[in-house]
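What follows is the residue order along each chain.
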Amino acid sequence: MSPQLPPVAPAVTAELVAALSPRLRKRLDSGIAKLADRPVVRDGDIVRIAVDDDTGLELHAPDGAVRQADAVRCGCLLAPDCLHRAAAASLAPVAEDEAPERGGISADSPAAHGGSDDERPTEAAVPYESATPDQRAAARAVRLAAAAVLEAGTDGAGAVLQAELLRAAHTARLAGLHRAAATAVSVVTALRAARSADPAYHLTDLVTGLHDVLHVSHRVPAAPGTELSALRGTARQPYRPDGSLRLYGLFSEPVLTANGYAGAVTWTADADGRLYQVSDVAPGGAGRAVGAADRTVRLGDTALTHRELARAGLAVSGATVSPTGRLGAGAGVRAVRASGVGWHEDPVARLWAEPVPDQITRALTGGHGLLFLDVTLAGTAAEAAGDCLLADCNGVALRLTAAHDHPALPHRDNLRLLSAARGTRLRIVARLTPAAHPRARLLAAEHPTRSDTRLDIGLDRLQRADLPAVPAAPARPAPVPDEAPIHLLRRRVHQTVSGGRPVLALPGGTRADARRLHQSGLATAADLLMDLHSAAADRAHDVFGRLRPADPDRFARAWLAAAHYTAELDRALCLAAWTS
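Let me begin by describing the structure that accompanies this report. (Residues numbered from 1 in each chain as written. Predicted model: local features only at pLDDT ≥ 70, side-chain atom pairs only at ≥ 80, totals over all residues. Heavy atoms only, no water.)

Attention shifts here to the packing of helix α6 (residues 159-174) against helix α7 (residues 178-195). Viewed as axis vectors pointing N to C, α6 and α7 meet at an angle of 160°, and their least axial separation amounts to 7 Å. As judged from the angle between their axes, α6 and α7 are roughly antiparallel. In this structure, the crossing between α6 and α7 has a hand that is left-handed. Across the interface between the two elements, Gln162, Leu165, Leu166, Ala169, Ala172 and Arg173 of α6 pack against His178, Ala180, Ala181, Ala184, Val185, Val187, Val188, Leu191, Arg192 and Arg195 of α7. (Axes fitted to C-alpha atoms, helices over the stretch in contact; angles between N-to-C directions. Helix = DSSP H or I, 4+ residues; strand = E, 2+ residues; numbered from the N terminus. Parallel < 35°, antiparallel > 145°, perpendicular 65-115°, else oblique. Left-handed = near helix turned anticlockwise from the far one by under 90°. Contact = heavy atoms within 4.5 Å.)

What follows deals with the pairing of strand β5 (residues 240-256). Across 7 bridges, β5 lies against strand β8 (residues 313-321) in antiparallel orientation. Looking at β8, one finds that leucine 245 is bridged to valine 316. Two elements, β5 and strand β6 (residues 261-269), share 8 bridges in a ladder whose sense is antiparallel. If you follow valine 255 over to β6, its bridge partner there is glycine 263. Between β5 and β6, which follow one another and run antiparallel, lie 4 residues, and glycine 260 among them has a positive phi close to 90°. (Pairing = 2+ DSSP bridges.)

For the rest of this paragraph, the subject is the environment of alanine 147. By secondary structure assignment, the location of alanine 147 is in helix α5 (residues 133-156). Apart from the residues within four sequence positions on either side, alanine 147 is in contact with Leu214, Pro552 and Ala556.

The next thing to look at is the pairing of strand β12 (residues 396-402). Burial within β12 is extensive, with 7 of its 7 residues counted as buried. Judged from the 5 bridges that link them, strand β11 (residues 388-393) and β12 form a sheet pairing that is antiparallel. Residue pairing for β12: leucine 389 is matched across the bridge by leucine 400. Alignment of β12 against strand β14 (residues 439-446), held across 4 bridges, turns out to be parallel. Each bridged residue has a counterpart across the sheet, and for alanine 402 the counterpart in β14 is leucine 442. (Buried < 20%, exposed > 50% of the residue type's maximum accessible area, 1.4 Å probe, protein only.)

What follows is the structure, given as structure tokens:
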């Protein structure tokens, strides 16, 4: 995916792909690959791609995104129903349905992952007695499109299947199913990242996205009013007035999403420990993520950069705040620089005083997911995705991983250097990763040799000279428990997303894994594993001996049950691992 192309609205991509002839649809993925290597030139609101020496392609994005099919123009003889227009739309990032307000997108907001986040208040969601006919039809369209993606796996879910899911997402948005629409778009974004080997791609993100979109689309038709309101979601996050705030900077983190947004988010806290975010996220790539920390904060008249705010403070009047804690940047907001405090000073020190089990419970039940921990570094552990940093957290063996793998960001290099400072006691901020063992992504930490200095792990680069001159006394890491047997089911859930139905249909160790799950007291997991394998291998023959078409809906239901079970059990095991 080229970061130079403007985002394209889901409905536009779906329309351009639908206009292709069957012959051109078969060539779409190869056409995308060829177009990705062609030179791109930006001229104001117009982006031009040289298809060849004689043919040019233009994308018109007056508000930063392409929102009409006729805004993609090609000079070839087959235009307008040509391969080039559909390929360009499929190559570009997926745009939000409406442009975000100035100030960008929070790292944890729906907009950062394909939804919307705007400062303008909206009407409160009104629960229906039951889903409307349009909503039931839209939910079915989303479910069928997502099931087709699951059936094919990442390797088989090319631009045509992606366009069908984008079309279903657009239909869902028009029907008021905003959560399904946003999650469907995030699935397409993750698919594109997987197929292009984007460093931002994580299989767990795609698994989570497919799980949510199938769950929502499955539940909407039968959900009662209260549940339906949550399943529908809202188009935008309403901002509420919050008067005057005195905020203290905590840390900054870079944002680099697979759907073409980049920037930085700075986290702050008030005197009561409530967290607020100041963000500057907009269309862009790794360069914008690296440089955003030194951009001026877009809030009132302050001249602070994000990097400075992370260590200083703010006095804000006329503040507006979203439900996730994002500060609005409206015309009525005033902000001036104020003094900051260290992590060991009140009031921010209270964040680290909260008992760890309470922090884990909050993170697992819809909180912000940040953990404020005191740890002792304990070396390195090798994992398939790369080495992680081991730390002892009050007797709990914690694995700290990189929050982002993009080579332009220093997360992994910083973790590697910190692993050489065994025995060093540090105060850190991390984001919980639900797993059967204690695990989190490291975001910020105290400097290993300068107690008055903080490190933003994704922005500041440690040097070997920053490590203790004389290694601290080695810390013996707490033993890491064996992985729970639930990984036998989780592995098949993940394999399905990567390889599709054919991977599960192959004969293998399914029965042996089911026996082991039964022996471990996980009978439900064993039954779900066998049902998933049975649904994958269920290809009946007709009277002439020919294979009947597969039933993607049955396979999707079996996968959804297995994914939901593992997610819920992972949450329970995660809480137990941190509190035992």
